[in-house]
Structure formats: C-alpha cells, structure tokens
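Structural overview
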2 protein chains.
Amino acid sequence: MAALETLIEALRRLPGVGQKSAQRMAYHLLQHDREGAQVLSRALAGAASDIGHCERCHTFSEAALCPICADEQRDARLLCVVETPADQAALERTGSFRGYYFVLLGRVSPLDGIGARQIGAEQLLARAQDGRVEEVILATSFTAEGEATAHVLGEALRSRQLRSTRLARGVPVGSELEYVDLGTIAHALVDRR
Amino acid sequence: MAALETLIEALRRLPGVGQKSAQRMAYHLLQHDREGAQVLSRALAGAASDIGHCERCHTFSEAALCPICADEQRDARLLCVVETPADQAALERTGSFRGYYFVLLGRVSPLDGIGARQIGAEQLLARAQDGRVEEVILATSFTAEGEATAHVLGEALRSRQLRSTRLARGVPVGSELEYVDLGTIAHALVDRR
C-alpha cells in the first residue's frame, strides 16, 4: 500500500529509527492516534518553514535575532562558543551562564575536509571583535573533534589578542555535551580555565 | 521557541519516544535533514487522509477493497482472523497463506469493557457465513487477551456450525504475533489444529 510504505520510509529518516520501529510507529498512528499524525505533520511543516538561524549567533530562531541575542540584559563581555543548538540549550538550562552564545553548527574534522572556514571561524572572529567581548568561552565537546575545534579557534582568537577559555575538565572526556548532566556542566562553567 | 517546542511535543506522541529522543530527532531534522522533515510531514498528512479501512476485512486500505480482498485468485474457503493490520502483514509476508483475512482491530479485554461486540464479532460472523468460507483460522496473539478473544470467537462460530481452528502452538506463548519470526509463523500455519 503506497501511502503506508511512504510513511514507513519517511519515519526511517528519524535518527535511531529502523524498519521495525518505523512500522510500529506507522501502525500505531493509523490505528490509535490519527490526530497525532496530523499534529506531527503540521509541527514538522511549521518547524521546517518557520525556523531559521539567528543572524548574530546562528542558533535556531524564528525571528532575525534569537531571544537570547535580543536580550540586552545579558553580559556582553562573555561569549560562549558551542557546536550545536542542542549544546546551547543544555548550557542555557543550567542557568549558570548570563553571557551570549555563538553556535558553530559543526566542528573541525580534517578527515572530512571540514576546517576552520567551514565552521564559520571568520564570523566568530568578527562577532568576538565587537569591542565588548572580553572573553570567549570555548564550550565545544570534549571529543577529539571538539578539542581540535577549540584548539583551532583558540589560536585564531589569540592571534587577534582575544582571550579564550575552555570549560573546566569536570565534563567527562569523550562525551557529547548535550547529554551531560546539568550539575556537571554548571560546575565546569565555574571552573573554566 | 514555539515551533521547536511544538515539534518536540508532537514527536513525543510516537510510541517509544521520550523527551530526550524527541529533542534529538527535532535537532537532527532541523540541522541535517530539513528535506526529511518536509517528506515526513507530507507522508503523515497523506497517510492520515488517504488510508481508511477495507470494507470487507477492515485492514488499512486506500481503496474500498484492500488488494487481498480484491484478489479473486485466493482461496475463499479459508478466512484468517487477526487482531491488527500489523499481524496480518506478518502472516502475509510468510507467503504460507492463500485465503482471505478478517482484521478485528482489537481484542477481548473484560477489564477494559471490551467484549465480543466491540471487536466486531457480528461482522466476522456475517463475513464467515458468505456460503464459501469452510474454515475460520483464529490467528489472534497467544497472550491472555488473544486467547480469550479466540475462545469467544470460536464459541460463537461453533454455535453457527462454522469450523474454526487455531494457529499451532509453534508460536511462543506470551508473545505478540507481529514480532514472531516468519519461519515460526509459517510452521504454525501448517500445524493449525
């Protein structure tokens, strides 16, 4: 049946969803939650069309400026660099950081041909040289690629006389920031070096 | 952010998807697969609007008659009763059954007030009394509720002089039919008693 096959195929594009899970989801929606299928359909279309990127920090945003960049009460001396909007959301939920963010939307990966240019290092340098930023906190993941990213960006910032720090090593090495418990992230923010 | 929150909330309606998985799916689609979000949105809307139920066997179908009921080459003497369209699909994939199906869309559950009437026993009896059906194979799950369903339907069929059989006990007791491996289902079909 074409519509059912199409739905199962489309559900498999979700991360972590294989053939069996996709089938189970499709049958569940059709048999028990057709309203849920409509709700999810509209939410997906709405998100894909309405959510762009903040022109200043590059995180997901429906407006030109995200709510954080638009908030003038935050501390303009601190700029925190993260790899993804999910990482930014995790940091923000700790409630321990009152500065602004810059979202790279990627990380340095020489084997894949992704260098400083591809992750927007130039935009970061321009953002950090606004005359108000005094410290750039490099909050990339503590994986090999995240460390390489922090190293490359730290060197570039130093060559322009900008001070950069790294999250403290309270964060377990080898883990993705998004999944670290909030207490650990908060502690690492305080202990940044 | 409203559109992102709405999307995460909608993804949580999928079976087996909690808050963390929903977040991961939403961020993945927005960051790496916006086309996938559009494709899934259209597939969900299409399935919810186009897929109804076959008027004869009640399985999911885009047409008034599903492809199996519309196939006149199958054996009209055999009618196989299953709980869900997913169970029917599993049986059909074994390639061991050439008769027709009847999908209950539920199972007897006295504690929830679901009896023979609620699962469409009357429609099944009418379907089985078409003058061509000689044997009704009760292929409900081998769970307590599936067994109760088979018992109730078997009694009703017997009172109308209709012969009913049950899948052989090759199927592991306590398991859901949908997830049984195809070889076991094929064996159970041959050994029906």
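Residues numbered from 1 in each chain as written. Chains lettered and ligands numbered in written order. Predicted model: local features only at pLDDT ≥ 70, side-chain atom pairs only at ≥ 80, totals over all residues. Heavy atoms only, no water.

1. Some remarks on helix 4 (residues 85–94) of chain A
Across the ten residues that make up helix 4 of chain A, a large majority, eight, are buried. Among the residues of helix 4 of chain A, those classed as buried are Pro85(A), Ala86(A), Asp87(A), Gln88(A), Ala89(A), Ala90(A), Leu91(A) and Thr94(A). Looking at the buried side of helix 4 of chain A, the elements it contacts are strand 2 (60–61), strand 3 (78–82), strand 4 (100–103) and helix 7 (182–190) of chain A together with helix 2 (19–32) of chain B. Phi turns positive, to about 70 degrees, at Gly95(A), one or two residues after helix 4 of chain A. (Buried < 20%, exposed > 50% of the residue type's maximum accessible area, 1.4 Å probe, protein only. Helix = DSSP H or I, 4+ residues; strand = E, 2+ residues; numbered from the N terminus. Contact = heavy atoms within 4.5 Å.)

2. Here we look at the environment of Thr140(A)
Residue and element names in this part refer to chain A. Relative to the helices and strands, Thr 140 is located in the loop between strand 5 (135–138) and helix 6 (144–158). Along the chain, Thr 140 and Ser 175 lie 35 residues apart, while their C-alpha atoms are 11 Å from each other. Not counting the four nearest positions on each side in its chain, Thr 140 is found in contact with Val 81, Glu 83, Leu 104, Gly 146, Thr 149, Ala 150 and Arg 166. A distance of 2.9 Å separates a polar side-chain atom of Thr 140 from the backbone oxygen of Gly 146. (Polar contact = N/O pair within 3.5 Å; in protein donor to acceptor, adjacent residues only side chain to side chain.)

3. Observations concerning the packing of helix 2 (residues 19–32) of chain A against helix 3 (residues 34–50) of chain A
Residues and elements named next belong to chain A. In the contact formed by helix 2 and helix 3, the axes pass within 5 Å of each other and the chain directions differ by 115 degrees. Two secondary-structure elements touch here, helix 2 through Leu 29, Leu 30 and His 32 and helix 3 through Arg 34, Gly 36 and Ala 37. Taken together, the residues of the contact of helix 2 with helix 3 sort by class into three nonpolar, two polar and one charged. (Axes fitted to C-alpha atoms, helices over the stretch in contact; angles between N-to-C directions. Nonpolar A, V, L, I, M, F, W, Y, C, P; charged D, E, K, R; others polar.)

4. Focus: the interface of chain A and chain B
Listed per partner, the contact involves 50 residues of chain A and 50 residues of chain B. At the boundary of chain A with chain B, total buried surface from both sides reaches about 4,800 Å², with 66% on carbon and sulfur atoms. Counting across the chain A and chain B interface gives two salt bridges. Note that Asp33(B) and Arg13(A) form a salt bridge whose closest N and O atoms lie 3.1 Å from each other. Taken together, chain A and chain B are joined by twelve residue pairs in polar contact (both at pLDDT 80 or more). Residue assignment for the side of chain A that touches chain B shows that the elements contributing at least two residues are helix 1 (2–11), helix 2, helix 3, strand 1 (52–53), strand 2 and helix 4 of chain A. Here the side of chain A that touches chain B gets 13 residues from one element, more than from any other, and that element is helix 3 of chain A. Partitioned by chemical class, the residues of the side of chain A that touches chain B number 29 nonpolar, twelve polar and nine charged. (Buried area = accessible area lost by both parts, 1.4 Å probe. Salt bridge = Lys/Arg side-chain N within 4 Å of Asp/Glu carboxyl O.)

5. Describing the confidence of the model for chain A
All names here are of chain A. Of all residues in chain A, 98% attain a pLDDT of 70 or more, and the chain-wide mean is 90. Here helix 7 stands out as the least confident element of chain A, with mean pLDDT 82; strand 4 is the most confident, with 96. Both confidence scores are given for the complex: pTM 0.78, ipTM 0.80. (pLDDT = per-residue confidence, 0-100.)

6. Structural notes on unusual backbone geometry
Residues and elements named next belong to chain A. Its identity is not glycine, yet His 58 carries a phi of approximately 75 degrees, on the positive side. Considering the arrangement of structural elements, one finds His 58 in the loop between strand 1 and strand 2. Taking relative accessible area as the criterion, His 58 reaches 19% and is therefore assigned buried.

7. A look at helix 5 (residues 121–128) of chain A
Residue and element names in this part refer to chain A. For helix 5, the complete set of buried residues consists of Ala 121, Leu 124, Leu 125, Arg 127 and Ala 128. An end-on view of helix 5 places all buried positions within 160 degrees of arc, on one side of the element. Turned more than 90 degrees off the buried face of helix 5, the exposed positions are Glu 122 and Ala 126. (Arc of directions from axis to C-beta.)

8. A word on the packing of helix 1 of chain A against helix 3 (residues 34–50) of chain B
Relative orientation of the contacting elements helix 1 of chain A and helix 3 of chain B amounts to 150 degrees, with a least axis distance of 9 Å. Considered as vectors, helix 1 of chain A and helix 3 of chain B are oriented roughly antiparallel to each other. Along this stretch, helix 1 of chain A crosses helix 3 of chain B, giving a crossing that reads as left-handed. Side by side, helix 1 of chain A and helix 3 of chain B meet where Ala3(A), Thr6(A), Leu7(A), Ala10(A) and Leu11(A) of the first sit next to Val39(B), Leu40(B), Ala43(B), Leu44(B) and Ala47(B) of the second. Its residues assigned to classes, the contact of helix 1 of chain A with helix 3 of chain B shows nine nonpolar, one polar and no charged. (Parallel < 35°, antiparallel > 145°, perpendicular 65-115°, else oblique. Left-handed = near helix turned anticlockwise from the far one by under 90°.)

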